[in-house]
Amino acid sequence: ANTTSATIEEVATEKIMLPQREYFVKLDKAVIEDYKDRKLPVAVCIKNKDKFHDAFDTYVLIDGYHRFIANKDRVTNKIIVLE
């Protein structure tokens, strides 16, 4: 898919889906600690739209595993959404 734009959105953390869970064994714990509580978007995602109801839209993480894991305990997170 060709990306033509991106937005920064604040979304419920529970709506961010992780497509490659096996990647977590490769994450560097020192990098995760360094990213905790930074004031920047935690991930780059694509929107997984629910065709029946916007409230059920989710976001698929495509970049930012370290940043996301460092801040996964927040209720919401700012993410960059590619469209």
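Everything below is about the structure shown above.
Presented here is an overview of the structure given in this document.

Cut-offs used in this document
Residues numbered from 1 in each chain as written. Predicted model: local features only at pLDDT ≥ 70, side-chain atom pairs only at ≥ 80, totals over all residues. Heavy atoms only, no water. Helix = DSSP H or I, 4+ residues; strand = E, 2+ residues; numbered from the N terminus. Buried < 20%, exposed > 50% of the residue type's maximum accessible area, 1.4 Å probe, protein only. Contact = heavy atoms within 4.5 Å. Areas by Shrake-Rupley, 256 points an atom, 1.4 Å probe, with all protein chains shown as cover. Lys, Arg positive; Asp, Glu negative; His and termini not counted. Charge placed at Lys NZ, Arg CZ, Asp CG, Glu CD. Pairing = 2+ DSSP bridges. Polar contact = N/O pair within 3.5 Å; in protein donor to acceptor, adjacent residues only side chain to side chain.

Looking only at helices and strands, one finds two helices and five strands in the protein chain. Across the protein chain, helices and strands are ordered from the amino to the carboxyl terminus as β-β-α-β-β-α-β. In terms of principal-axis extent, the alpha carbons of the protein chain reach across some 40 × 25 × 25 Å. The buried share of the protein chain, reckoned over its 83 residues, is 30%. Sequence-distant contacts, at least 24 apart, represent 77% of the contacts inside the protein chain between residues at least 6 apart. For the protein chain, the computed accessible surface area is about 5,800 Å², with 53% contributed by carbon and sulfur atoms. The average position of the 14 basic charges and that of the 14 acidic charges among the side chains of the protein chain differ by 2 Å.

Despite not being glycine, Asp37 has its phi angle at roughly 60°, a positive value. Residue position: Asp37 is located in the loop between helix 1 (29–35) and strand 3 (43–48). Its relative accessible area of 59% is what places Asp37 among the exposed residues.

Turning to the sheet that holds strand 4 (residues 58–63), a few remarks are in order. Reading across the sheet, the five strands line up as 1-5-3-4-2 and stay open at both edges, with mixed pairing between neighbours. What marks the edges here is a single partner per strand, and that holds for strand 1 (6–12) and strand 2 (16–17). Pairing analysis gives five bridges linking strand 3 to strand 4, with the strands arranged antiparallel. Each bridged residue has a counterpart across the sheet, and for Lys47 the counterpart in strand 4 is Tyr59.

Looking now at the environment of Asp57. Counting through the fold element by element, Asp57 comes out in the loop between strand 3 and strand 4. Overall, the relative accessible area of 2% leaves Asp57 in the buried class. Spatially, the C-alpha atom of Asp57 lies 11 Å from that of Ala12, the residues being 45 residues apart in sequence. What Asp57 contacts, discounting residues up to four positions off in sequence, is Lys15, Lys47, Asn48, Lys49 and Asp50. Reaching out from Asp57, the side chain makes a polar contact with the backbone nitrogen of Asp50 at a distance of 2.7 Å.

Moving on, we get to the side chain of Asn71. Tracing the backbone through its elements, the reader meets Asn71 in the loop between helix 2 (65–70) and strand 5 (76–82). Among the polar contacts made by the side chain of Asn71, one reaches the main-chain carbonyl oxygen of Arg67 at a distance of 3.0 Å. Setting aside its immediate chain neighbours within four residues, Asn71 contacts Tyr35, Lys36, Asp37, Val42 and Asn77.

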